Amino acid sequence: MDFSIDGKKVKAKKGEKILWAALDAGIEIPHLCAIREAENAWGACRLCFVEIEGRGVVTSCTEPVGEGMMVHTDTERVQRLRKRAMELILADHPMECKTCPKRGDCELLKWMKFLKVKVPKNLRPFPKERLEPDESHPLFVLDPNKCILCGKCIWVCKEKIRADVLDFAYRGYNMRISTFLGKPIAQSPCIGCGECVKVCPVGALYFKDKEEIKEV
Amino acid sequence: MLDEEGEVFKEVFSYFPARRRYLIRLLQTVQQKLGYLSEDAMKEVALHLGISEAETFGVATFYNQFRFVPLGKHHIVVCMGTACHTMGGQLVLDGFERELDVKVGGITPDHEYSLERVGCIGCCTKAPVVLINNIIHPKMTPYKVAEVFAGLRDKGSKSSEEHQE
Ligand code: SF4
Ligand code: SF4
Ligand code: FES
Ligand code: FES
């Protein structure tokens, strides 16, 4: 299937989502929640907006390519929407980058710089409740305070590993990822594969090991 | 799991085929029978439908109608709708929390009283309103909290039986 992104000719197989076709062609599109193997994209982060000529703005992780489609990644509308989405994520995020175990390869920071967005001061009128990190598991820690609710850990645990440890719970500002009844992960059906930690784009899930090495 | 609970699950599961789309109705029916969603209840529902426990918990916590602690003999519901809120509903709620020494959403250790807050009950002219086992206590004040308890103790559990739906 032939189509174009920012005037560049791109080929992709039928049904491929615009996001992956673009990345394969070396065109950068910010994305935090998309998983390539996932059958249905979750579409949560709203960073991957692109504009299709004659169609308008869509999230590129959910939209399949079409023959002759003309996709643009840098229109004014796309830029504005992406920036706003990034601001909304940042408004809810404790920026503790200096001490963060994800320091160095944080995807949130990477796209924040890419989009040239600053941490907004006015989008969070009241403080966020601080939650206790779950350190019960011998291998890794879950710090819900840094979670951006991308849903990737849930997908791998559920669809790939089939251990079904985590899911979203509560709603609105209180939404978080949680085990059954919010029990410590060590008391959940977790098999300790660490796949969730590997897909987490931020410092919400991290291996204890790395942390120890850093401290030494 | 208590035997009675097991019976309840058996009965409820016989109405609803094991399909994912019945999750919420199952939870609602179980809660209707038990007064709340116990740990076992959510586990059994998950098992019946073949979905994960974490997801069942996630869905249940999304909705305000589900509760995870049992109802007390006297279930106290403080209205925090707009009218009741502006008429001092928070002070009334604080009063109950103090008097019972439980937080909203909780239950006293003797299971006599449980405390809950809701949005508008629909009788704003009587704000601030408190509902105890579906009896309306109008124009509440923090001072009237102790009075209300005196009334409840006098009547014993009679009132709760009479007026339960
Ligand atoms: S997760 Fe990323 S943005 Fe958040 S504190 Fe850690 S390094 Fe900073
Ligand atoms: S813990 Fe990480 S992977 Fe899981 S939802 Fe939060 S940010 Fe995403
Ligand atoms: S990557 Fe498309 S919405 Fe997150
Ligand atoms: S706001 Fe309390 S009854 Fe309407």
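Reference entry: report on the structure contained in this document. Chains are numbered independently. Their residues run from 1 in the order of the written sequence. Here chains are named by letter from A upward and ligands by number from 1 upward, in the order in which they appear as written. In view of the model being predicted, local features appear only for residues whose pLDDT reaches at least 70, and side-chain atom pairs are presented and counted only at 80 or more, with totals across whole chains, interfaces and linings using the full set of residues. As a rule here, side-chain values come from all non-hydrogen atoms in the structure, and water together with hydrogens is ignored.

**Focus on the pattern of salt bridges**
Then, in step 1: Just to be clear on terms, a salt bridge is a Lys or Arg side-chain nitrogen sitting within 4 Å of an Asp or Glu carboxyl oxygen. Within this structure, the stated rule accounts for 19 salt bridges over all chains.
Then, in step 2: The salt bridge partner of Lys 198 of chain A is Glu 195 of chain A, with a shortest N-O separation of 3.1 Å. Taken as a pair, Lys 198 of chain A and Glu 195 of chain A lie in helix 5 (residues 195-199) at a separation of three residues, close to a single helical turn.
Then, in step 3: With relative accessibility at 55%, the residue Lys 198 of chain A sits in the exposed group.
Then, in step 4: Here Glu 55 of chain B makes a salt bridge to Arg 20 of chain B, at a shortest N to O gap of 2.3 Å. Of the two residues, Glu 55 of chain B is situated in helix 4 (residues 53-62) and Arg 20 of chain B in the loop between helix 1 (3-15) and helix 2 (23-34); the sequence distance between them amounts to 35 residues.
Then, in step 5: Per-residue accessibility, obtained with a 1.4 Å probe over protein chains only, is compared with the maximum for each type, and a residue is labelled buried under 20%, exposed over 50%, and partly exposed between these values. We classify Glu 55 of chain B as buried; its relative accessible area is 11%.
Then, in step 6: Sharing partners across several salt bridges, the network here consists of Lys 158 and Asp 167 of chain A together with Arg 20 and Glu 55 of chain B. A run of H or I in DSSP counts as a helix once it spans at least four residues, and a run of E counts as a strand once it spans at least two, with each numbered from the N terminus.

**Considering the interface of chain A and chain B**
Interfaces are often described in size by the accessible area the parts lose on coming together.
Then, in step 1: A contact between two residues is defined here by any heavy atoms of the two lying within 4.5 Å. Listed as interface residues are 15 residues of chain A and, on the opposing side, 13 residues of chain B.
Then, in step 2: When the two sides are added together, the surface that chain A and chain B hide from each other amounts to roughly 1200 Å², 64% of it contributed by carbon and sulfur.
Then, in step 3: Taken together, the connections running from chain A to chain B amount to two salt bridges.
Then, in step 4: Lys 158 of chain A is the salt-bridge partner of Glu 55 of chain B, the closest N and O atoms lying 2.8 Å from each other.
Then, in step 5: Throughout this description, a polar contact denotes any pair of N or O atoms lying within 3.5 Å of each other; where both atoms belong to protein, one of them has to be capable of donating a hydrogen while the other can accept it, and for residues adjacent in sequence the pair is counted only when both atoms sit in side chains. At the boundary of chain A with chain B, the tally comes to four residue pairs in polar contact (both at pLDDT 80 or more).
Then, in step 6: Of the residues forming the side of chain A that touches chain B, the biggest block, three residues, is contributed by strand 7 (residues 167-169) of chain A.
Then, in step 7: A breakdown of the residues in the side of chain A that touches chain B according to their chemical character gives seven nonpolar, three polar and five charged. By convention, the term buried area covers the 1.4 Å-probe accessible surface removed from two parts as they join, with the contributions of both added. Classification used: nonpolar for Ala, Val, Leu, Ile, Met, Phe, Trp, Tyr, Cys and Pro, charged for Asp, Glu, Lys and Arg, polar for all others including Gly.

**Focus: the site of ligand 2**
Then, in step 1: Working definition: residue near molecule or strand if any one of its non-hydrogen atoms lies within 4 Å of it. Lining the immediate surroundings of ligand 2 are Cys 147, Ile 148, Leu 149, Cys 150, Gly 151, Cys 153, Ile 177, Cys 200, Pro 201, Val 202, Ala 204 and Leu 205 of chain A.
Then, in step 2: Class assignment for the residues of the shell around ligand 2 results in 11 nonpolar, one polar and no charged.

**Re the packing of aromatic side chains**
Then, in step 1: The criterion for an aromatic pair is that two Phe, Tyr or Trp rings (for Trp, the six-membered ring) have centres within 6.5 Å, with stacked assigned to planes under 30 degrees apart, edge-to-face to planes over 60 apart and tilted to the rest. Applying the stated rule across the entire model yields 12 aromatic pairs over all chains.
Then, in step 2: Aromatic side chains Trp 111 of chain A and Phe 114 of chain A sit 5.3 Å apart centroid to centroid with 85° between the ring planes, which places their arrangement in the edge-to-face category. Of the two residues, Trp 111 of chain A and Phe 114 of chain A both sit in helix 3 (residues 107-114), three residues apart, roughly one turn of that helix.
Then, in step 3: Under the relative-accessibility criterion, Trp 111 of chain A is labelled buried at 1%.
Then, in step 4: Taking 5.1 Å as the distance between ring centres and 90° as the angle between the ring planes, the aromatic pair formed by Tyr 113 of chain B and Phe 149 of chain B counts as edge-to-face. Here Phe 149 of chain B lies in helix 7 (residues 144-155) and Tyr 113 of chain B lies in strand 2 (residues 113-118), a separation of 36 residues in the sequence.
Then, in step 5: Residue Phe 149 of chain B is classed as buried on the basis of its relative accessible area, which comes to 2%.
Then, in step 6: Taken together through their ring pairs, the aromatic side chains of Tyr 170 and Phe 180 of chain A together with Phe 57 and Phe 68 of chain B make up a single cluster.
Then, in step 7: The positively charged end of Arg 171 of chain A is found above the aromatic ring belonging to Phe 62 of chain B, 5.9 Å away from the centroid. Whether a charge sits over a ring comes down to the Lys NZ or Arg CZ being within 6 Å of the ring centre and within 35 degrees of the ring normal.

**Section: the sheet that holds strand 2 (residues 8-11) of chain A**
Residues and elements named next belong to chain A.
Then, in step 1: Here, strands pair whenever DSSP counts at least two bridges between them. Strand order in the open sheet formed by five strands is 2-1-5-3-4, with mixed pairing between adjacent strands. Each edge of the open sheet carries a strand with a single partner, namely strand 2 and strand 4 (56-59). Taken pair by pair, the neighbouring strands of this sheet meet at an average axis angle of 35°, ignoring direction.
Then, in step 2: Taken together, the four bridges between strand 3 (residues 49-52) and strand 4 define a ladder with antiparallel strand orientation. Angles here are taken between N-to-C directions and fall from 0 to 180 degrees, while the axes themselves are lines fitted to C-alpha atoms, restricted in helices to the stretch in contact.

Coordinates in, geometry out; function isn't part of it.
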